[in-house]
Amino acid sequence: MAPTSVDEDLRPKDYFDQRAASDMERNLITKQRTLNERLACATRVIAHFQEDAGLAGQITARSSRSQDVYWTLRFGVGWEEANPKDFIEVDKDLNTITGTGMANPATRFHLWVYAARPDVQSIVHVHSPWIQALAAAGEGIVVSQMDMTPFYNDCTILKEWPGVPIADQEGVIISGALGTNRSIVLANHGMLTAGTTVEEATYLCVYLERAARIQLRARVYGPLKPVPGALAQEAHDYLMQERIVAATFDYWVRKTERAFGPMQVGKKNEELNVV
């Protein structure tokens, strides 16, 4: 019998893609948490991976109560020290309606993103070091490596900084610039990621800081070489799968617990998980 050609044994990529999706559905079982637990995990994860920027960052998640109400970390608490009890529910005028304390006044622009994007359930805004450098240069992301592909055709840049976003006009500008994207670099400022879950917004936040680091380091060696469009889109869709995002988040939480210790869960909030 003549030997079989290697090429004859090659199966289409769709076969492996479908098999991987099926295997992940059976094997990647993620931990169930309340909304406030998920938010506290997210702040700790981001603090672990990204250098402290004081109290400048914000994280929010839609409330099931109303489209004009969201949960956020009470102002004055550092991200690495956050516990579920440190999250408060605020209305569109940033009045606290559940919990104790006040919201960071700069979370006001989140309201405009939520109003414009019904798909967005959580928003993260930070001034992490590599993004700060990219923002200072007024540059957007050039997708030139696989770990940057979650931002292919899904990340934009706001070229002109509108100032500290504590009023309404900044929200109009930022939400308009974000458009249908999930991420944005804010020139002279920082970044924003908008996810369908807390986990997705966190995943994008960590990866966007990594993308900025890759880009700025790679430029030392010459011009960046963008990933070809079709391959970049394929990798984007693969890496943004819900189960990959959730499993990565769970791993980061375990890693963060080893660094900061476990959260003080206390009495659980009855708010249902955001799906």
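Residues numbered from 1 in each chain as written. Predicted model: local features only at pLDDT ≥ 70, side-chain atom pairs only at ≥ 80, totals over all residues. Heavy atoms only, no water.

You'll find the chain entered in an unreviewed UniProt entry as Class II aldolase/adducin N-terminal domain-containing protein, with Aspergillus glaucus CBS 516.65 given as the organism.

Participant: Let's hear about the overall build of the chain: which residues, and what values?
Facilitator: Broken down by element type, the chain carries 9 helices and 8 strands. The C-alpha radius of gyration computed for the chain amounts to 20 Å, which stays within 12% of the reference 19 Å derived for 275 residues, consistent with globular compactness. Along the first, second and third principal axes, the C-alpha set of the chain runs to 80 × 40 × 35 Å. A total of 275 residues make up the chain; the buried ones form 48% of that total. A separation of at least 24 residues holds for 72% of the contacts in the chain among residues at least 6 apart in sequence. (Helix = DSSP H or I, 4+ residues; strand = E, 2+ residues; numbered from the N terminus. Rg over C-alpha atoms; globule rule 2.2 N^0.38 Å. Buried < 20%, exposed > 50% of the residue type's maximum accessible area, 1.4 Å probe, protein only. Contact = heavy atoms within 4.5 Å.)

Participant: Hey, could you go over the environment of Val 227 for me, with residue numbers and the actual values?
Facilitator: Along the chain, the position of Val 227 falls in the loop between α7 (198–218) and α8 (229–239). Sequence separation between Val 227 and Gln 145 is 82 residues, and the spatial gap between their C-alpha atoms is 6.4 Å. Setting aside chain neighbours within four positions, we find Val 227 in contact with Val 143, Ser 144, Gln 145 and Ala 232.

Participant: I'd like a description of the sheet that holds strand β5 (residues 122–126), backed by residues and values.
Facilitator: What the 8 strands build is an open sheet, ordered β4-β3-β2-β1-β5-β8-β7-β6; its pairing is mixed. Pairing within the sheet leaves two strands with one partner each, and these edge strands are β4 (96–98) and β6 (155–158). The sheet shows a mean angle of 25° between the axes of neighbouring strands, direction not considered. With 5 bridges joining them, β5 and strand β8 (residues 190–195) adopt antiparallel strand pairing. Of the residues in β8, the one forming a bridge with Val 124 is Thr 193. Sitting on the sheet, α7 is in contact with β1 (58–62), β5, β6, β7 (183–186) and β8, with an inclination near 150° to β8. (Pairing = 2+ DSSP bridges. Axes fitted to C-alpha atoms, helices over the stretch in contact; angles between N-to-C directions.)

Participant: Which residues make up helix α4 (residues 108–116), and what values do they have?
Facilitator: When we look at burial in α4, the residues that qualify are Arg 108, Phe 109, His 110, Leu 111, Val 113 and Tyr 114. On its buried face, α4 sits against β1, β2 (70–73), β5, α6 (168–178) and β8.

Participant: Pulling in residues and values, what's your account of the nonpolar core?
Facilitator: Counting 49 residues, the largest nonpolar core has Leu 39, Phe 87, Val 124, Ile 141, Phe 151, Val 185 and Tyr 203 as its most contacted members. Of the residues forming this core, the biggest block, 11 residues, is contributed by α7. Here Val 124 is in contact with Ile 46, Gln 58, Ile 59, Trp 79, Met 191, Leu 192, Thr 193, Ala 201, Thr 202 and Cys 205, once residues within four sequence places are set aside. In this structure, Leu 111, Ile 123, Ile 174 and Leu 192 belong to the second largest nonpolar core, which totals 18 residues. (Core = buried A, V, L, I, M, F, W, Y, C linked by side-chain atoms within 4.5 Å.)

Participant: Hey, could you go over empty space enclosed by the protein for me, with residue numbers and the actual values?
Facilitator: The full count for this structure, using the stated rule, is 2 cavities of 30 Å³ or more. As a volume, the largest cavity reaches approximately 90 Å³. At the level of secondary structure, the elements contributing two or more residues to the lining of the largest cavity comprise β1 and β2. Residues that form the lining of the largest cavity fall into these classes: 6 nonpolar, 6 polar and 1 charged. What the second largest cavity holds in volume is close to 40 Å³. Forming the walls of the second largest cavity are Cys 41, Arg 44, Val 45, Val 253, Thr 256, Glu 257 and Met 263. Elements represented by at least two residues in the lining of the second largest cavity include exactly α3 (35–49) and α9 (242–260). (1 Å grid on protein atoms, 1.4 Å probe; cavity = no way out; pocket = protein on both sides within 12 Å on 5 of 7 lines; lining within 4 Å. Points joined across faces, edges and corners; volume = space filled by probe spheres on them. Nonpolar A, V, L, I, M, F, W, Y, C, P; charged D, E, K, R; others polar.)

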